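Residue-level structure breakdown
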Amino acid sequence: MEQKQTTLQKTIYFIFVWILVPFSYFGLSMIYYSTLMAFWSLDCFLTFLTKYTQCNEKSIFHQLKKTIAHHYPKQEIFAKSTDIITQKGYHFENHQITTDDGYIIAAWRIYKDPSHKALHPIVLQHGLLDCSWSWFMNNSTKMCLPYILADLGYDVWCTNNRGNKYSIGHKDLRNSDYNPQYWDYTLDHLVKYDIKAIIHHIILITQREQVIYIGHSQGCTQMFAHLSNDVTFQKHLKCLIGLGPAIYVSRIRSKLIKFTVKSKIFEWLDYIGIPYFFTFDDKFNVKIGALCDMIPSVVRCILFWVTEQLCGYSQRNKIDLEKFGFMVAHEPGGCSVKNLLQWMQIFECKELRYFNYGKDNQKIYGTPQPPKYPVENLKHLTIPKYLYMGTKDVITDEEDFNKMIKLFDQHSLKVIKIEDYAHLDYIWSVDAFEKLYPKIVKDIQENQK
């Protein structure tokens with residue numbers, strides 16, 4: 001529902017977009033260039049010392065010079081994500097898809113075999129605050145799921161939701177980045193419009209009747225919610241693979257999420273008119289990534305701690321911290337504040353419900369409270385379903401997960417638990433290509449008939 005902004009919201013929005021955001025970009029640029037200049041100056045000074053004092057290789061000056069060289073930002077941080085993919089030898093297409101409500105979302109098509117012999121295209125849908133790049137975090141053809149699938153000859157589609165860094169556009173609204181109307185969307189819009197537009201576009205382009213759908217976190221929720229409203233939509237799916245899937249999130253163990261719910265941070269942000277969260281342009285992300293490499297004991301440690309508090313952590317860390325600068329140079333994807341606020345509402349009410357507009361619920365829904373999604377309809381899903389859950393996942397809690405799987409037809413359901421996996425490990429872990437992806441490939445091969 002499009003809501004009119006109050007004078008306060010218009011004022012706060014103006015300050016946020018035209019003062020706070022530019023100021024933060026300027027401040028980050030000053031820190032980045034000052035740090036880079038300090039590195040360069042010290043490097044030049046040490047070069048002079050080692051050259052004219054004829055120190056041996058074991059001298060403190062040589063050792064310090066090597067340390068500085070190790071902490072210079074890696075070149076991959078500055079590369080465009082799409083260029084990284086093509087430079088590895090993959091065909092790449094960026095498809096622009098227009099939803100029924102006018103939003104323009106991007107889908108990345110990646111493949112090795114131009115003949116597309118595989119019967120069913122594969123859709124990879126990211127989670128909350130993520131984007132299509134989330135599947136490429138380890139920057140290795142052997143470790144990233146899209147590369148693995150493309151090397152096996154599959155037609156891979158890494159899709160984006162509206163509002164992330166790769167999918168900001170609208171056929172009618174000008175300057176979408178700065179238009180508050182653009183950001184007035186919720187999870188319900190992703191469920192109703194984005195999923196349908198993505199699947200229909202891929203079927204149209206590939207001339208295939210069905211796709212294999214792989215969703216991470218919210219990427220599963222979107223599909224489950226859409227199917228609960230329209231079970232016949234399963235005719236477009238050959239099978240569904242869920243990584244850390246969520247319908248119920250009443251027992252989230254993430255301390256950071258619990259804090260945001262109790263403090264009502266996103267309610268306040270929505271109330272005062274802040275439209276989006278963590279949607280940065282590439283230049284901003286790149287500087288953050290570079291600072292992670294240059295001063296890891298500060299920037300990298302802080303960001304990694306936040307990530308762990310938000311998504312949980314395994315007993316043995318599975319994220320390559322040497323690549324962390326590269327990771328945050330292209331992540332997060334971002335989303336609207338309302339999208340995040342709806343998840344906080346779902347956590348509080350302990351059910352998958354539509355967005356709570358408060359006093360406007362009666363006018364919008366005809367009831368004082370937002371209606372539930374009819375998840376009981378999911379028992380009519382007869383397609384094969386493969387649901388993966390990590391034992392250290394603090395967002396998809398085991399009790400919530402077990403409650404969710406009771407909704408499905410048990411004859412077409414397969415549940416796989418991955419030991420010592422947290423919520424991001426499905427896509428970020430350095431051992432996912434050994435521990436998880438072979439299982440997913442097997443699931444796909446069973447359904448490529």
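The notes below deal with the structure included here. (Residues numbered from 1 in each chain as written. Predicted model: local features only at pLDDT ≥ 70, side-chain atom pairs only at ≥ 80, totals over all residues. Heavy atoms only, no water.)

**A look at the overall build of the protein chain**
Assigned secondary structure in the protein chain consists of 17 helices and 10 strands. Against the 2.2 N^0.38 benchmark of 22 Å for 449 residues, the protein chain shows a C-alpha radius of gyration of 23 Å, consistent with a compact globule. With the C-alpha coordinates aligned to their principal axes, the bounding extent of the protein chain is approximately 80 × 55 × 40 Å. Across the 449 residues that make up the protein chain, the buried fraction comes to 57%. Counted over contacts in the protein chain with a minimum sequence separation of 6, partners at least 24 positions apart contribute 76%. Entry remark: accessible area of the protein chain is about 20300 Å², with carbon and sulfur atoms responsible for 58%. (Helix = DSSP H or I, 4+ residues; strand = E, 2+ residues; numbered from the N terminus. Rg over C-alpha atoms; globule rule 2.2 N^0.38 Å. Buried < 20%, exposed > 50% of the residue type's maximum accessible area, 1.4 Å probe, protein only. Contact = heavy atoms within 4.5 Å. Areas by Shrake-Rupley, 256 points an atom, 1.4 Å probe, with all protein chains shown as cover.)

**Regarding the packing of helix α7 (residues 255-263) against helix α8 (residues 265-272)**
Where α7 contacts α8, the two axes come as close as 5 Å, and the packing angle between them is 50°. Looking at the two axes, α7 sits oblique to α8. Here Phe-259, Thr-260 and Ser-263 of α7 come into contact with α8, specifically with Ile-265, Phe-266 and Trp-268. When its residues are assigned to classes, the contact of α7 with α8 shows four nonpolar, two polar and no charged. (Axes fitted to C-alpha atoms, helices over the stretch in contact; angles between N-to-C directions. Parallel < 35°, antiparallel > 145°, perpendicular 65-115°, else oblique. Nonpolar A, V, L, I, M, F, W, Y, C, P; charged D, E, K, R; others polar.)

**Topic: the pattern of salt bridges**
In total, this model carries 19 salt bridges according to the counting rule given. One salt bridge in this structure joins Asp-155 and Arg-109, with 2.8 Å as the shortest N-O distance. Taken together, the residues span a long stretch of sequence, with Asp-155 in the loop between α4 (145-151) and β4 (156-159) and Arg-109 in strand β2 (residues 104-111) at a distance of 46 residues. Of the two residues examined, Asp-155 and Arg-109, each falls in the buried class. (Salt bridge = Lys/Arg side-chain N within 4 Å of Asp/Glu carboxyl O.)

**What about the pairing of strand β6 (residues 237-243)?**
Most of β6 sits inside the fold, with six of its seven residues counted as buried. As paired elements, strand β5 (residues 211-216) and β6 share six bridges and run parallel to each other. Following the sheet pairing, Val-211 is matched in β6 by Leu-237. The parallel pair β5 and β6 is bridged by helix α6 (residues 218-229), and the resulting crossover is right-handed. (Pairing = 2+ DSSP bridges. Right-handed = clockwise from strand over helix to strand, strands pointing away.)

**Points about the side chain of His-120**
Relative to the assigned elements, His-120 resides in the loop between β2 and β3 (122-125). In this structure the side chain of His-120 is engaged in a polar contact, spanning 3.3 Å, whose partner is the backbone oxygen of Gln-210. When near neighbours in sequence (up to four residues on either side) are disregarded, His-120 contacts Gln-210, Ile-212, Lys-238, Asn-447, Gln-448 and Lys-449. (Polar contact = N/O pair within 3.5 Å; in protein donor to acceptor, adjacent residues only side chain to side chain.)

**Some remarks on unusual backbone geometry**
Cis geometry marks the peptide bond from Glu-331 to Pro-332; its omega dihedral reads 0°. With respect to the secondary-structure elements, Pro-332 resides in the loop between α11 (324-328) and β8 (335-336). Positive phi outside glycine occurs at Asn-175, with the angle close to 45°. Position of Asn-175 among the secondary structure elements: in the loop between β4 and α5 (187-206). By relative accessible area, which is 58% here, Asn-175 ends up exposed. For Ser-217, which is not glycine, the phi dihedral falls at a positive 55°.

**Overview of the sheet that holds strand β9 (residues 385-390)**
Taken in spatial order, the eight strands line up as β1-β2-β4-β3-β5-β6-β9-β10 in an open sheet, and their pairing is mixed. At either end of the open sheet lies a strand with only one pairing partner, and these are β1 (91-98) and β10 (413-418). Taken over all neighbouring pairs, the strand axes of this sheet differ in orientation by 20° on average, direction set aside. Two elements, β1 and β2, share eight bridges in a ladder whose sense is antiparallel. Along β2, the bridge assignment pairs Ile-97 with Ile-105.

**Structural notes on the pairing of β4**
Both faces of β4 are covered, namely the face carrying Val-156 and Cys-158 and the face carrying Trp-157 and Thr-159. Summarising the sheet, β3 and β4 pair through four bridges and their orientation is parallel. What sits directly across from Val-123, in β4, is Trp-157. Read as a crossover between parallel neighbours, the route from β3 over α4 to β4 is right-handed.

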